[in-house]
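One letter stands for each residue in the lines below.
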Amino acid sequence: DQQVKQNSPSLSVQEGRISILNCDYTNSMFDYFLWYKKYPAEGPTFLISISSIKDKNEDGRFTVFLNKSAKHLSLHIVPSQPGDSAVYFCAASANSGYALNFGKGTSLLVTP
Amino acid sequence: EADIYQTPRYLVIGTGKKITLECSQTMGHDKMYWYQQDPGMELHLIHYSYGVNSTEKGDLSSESTVSRIRTEHFPLTLESARPSHTSQYLCASSEYGGGYGYTFGSGTRLTVV
């Protein structure tokens, strides 16, 4: 049973605009949420995270928002750049020491 | 610069062969993980280890086995490869656990013909 869901397989955005990637989860025990970025033929790289005690975390062009009541989080990239084109995975953990559960990923294409 | 290394990057092998996918990390992390990913699908946890001589099966049933004899080394073995084992295998390590993030290797793309 998939506990982390990314319902949009792909997203296309123009350079300079905002990219919004969404993620839903079903396990109310999750309290750590992370976003990973993956280029073809490479392993995922950590992008940004948020714990359940916060509703927003910002790092440069990347901001993650968490809505616990809706069991929803989103990643905002502003402004989007062509180098941001990659697959983005949402991941969650029920405890900081536990393994991560991943979504299926959203393929982002940023066009010039 | 990668601190976690997976070899080989690509492997094409015949049915019935025994294979070992290597994973080594230089960060001294106690926690290590193996994930399996098919195109367009989520990463599935197949094995994990929280230290030397400690290994556990993950959420996705797998015919592979792992060992953890040294902190830095976490190899995955398939005794008899089958076409259904064709997938990408990703190794990761973490100092504190998933909530603090993993460092992933570059992965091994396995094709069994």
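See above for the structure.
Residues numbered from 1 in each chain as written. Chains lettered and ligands numbered in written order. Predicted model: local features only at pLDDT ≥ 70, side-chain atom pairs only at ≥ 80, totals over all residues. Heavy atoms only, no water.

(A) Broad picture of the overall build of chain B. A count of helical and extended segments in chain B gives 0 helices and 11 strands. Taken from the N to the C terminus, the helices and strands of chain B come in the order β-β-β-β-β-β-β-β-β-β-β. Expected size for 113 residues packed as a compact globule is a radius of gyration near 13 Å; at 13 Å, chain B falls within 12% of this value. Principal-axis analysis of the C-alpha atoms places the extent of chain B at approximately 40 × 30 × 30 Å. A total of 113 residues make up chain B; the buried ones form 48% of that total. Long-range contacts, defined here as pairs at least 24 residues apart, represent 53% of the contacts in chain B between residues at least 6 apart. Accessible surface, chain B: about 5300 Å² in total, of which carbon and sulfur atoms supply 50%. If you average the places of the 9 positive and of the 12 negative side-chain charges in chain B, the two averages end up 7 Å apart. (Helix = DSSP H or I, 4+ residues; strand = E, 2+ residues; numbered from the N terminus. Rg over C-alpha atoms; globule rule 2.2 N^0.38 Å. Buried < 20%, exposed > 50% of the residue type's maximum accessible area, 1.4 Å probe, protein only. Contact = heavy atoms within 4.5 Å. Areas by Shrake-Rupley, 256 points an atom, 1.4 Å probe, with all protein chains shown as cover. Lys, Arg positive; Asp, Glu negative; His and termini not counted. Charge placed at Lys NZ, Arg CZ, Asp CG, Glu CD.)

(B) Summary view of the interface of chain B and chain A. Taken together, the contact between chain B and chain A spans 25 residues of the former and 22 residues of the latter. Across the chain B to chain A interface the summed buried area is about 1700 Å²; carbon plus sulfur atoms make up 55%. On the surface where chain B and chain A come into contact, there are 0 salt bridges. Elements represented by at least two residues in the side of chain B that touches chain A include exactly strand 4 (31-37), strand 5 (44-51) and strand 9 (87-94) of chain B. With 4 residues, strand 4 of chain B is the largest single contributor of residues to the side of chain B that touches chain A. Tallied by class, the residues present in the side of chain B that touches chain A amount to 12 nonpolar, 9 polar and 4 charged. (Buried area = accessible area lost by both parts, 1.4 Å probe. Salt bridge = Lys/Arg side-chain N within 4 Å of Asp/Glu carboxyl O. Nonpolar A, V, L, I, M, F, W, Y, C, P; charged D, E, K, R; others polar.)

Geometric values such as these leave the question of function open.
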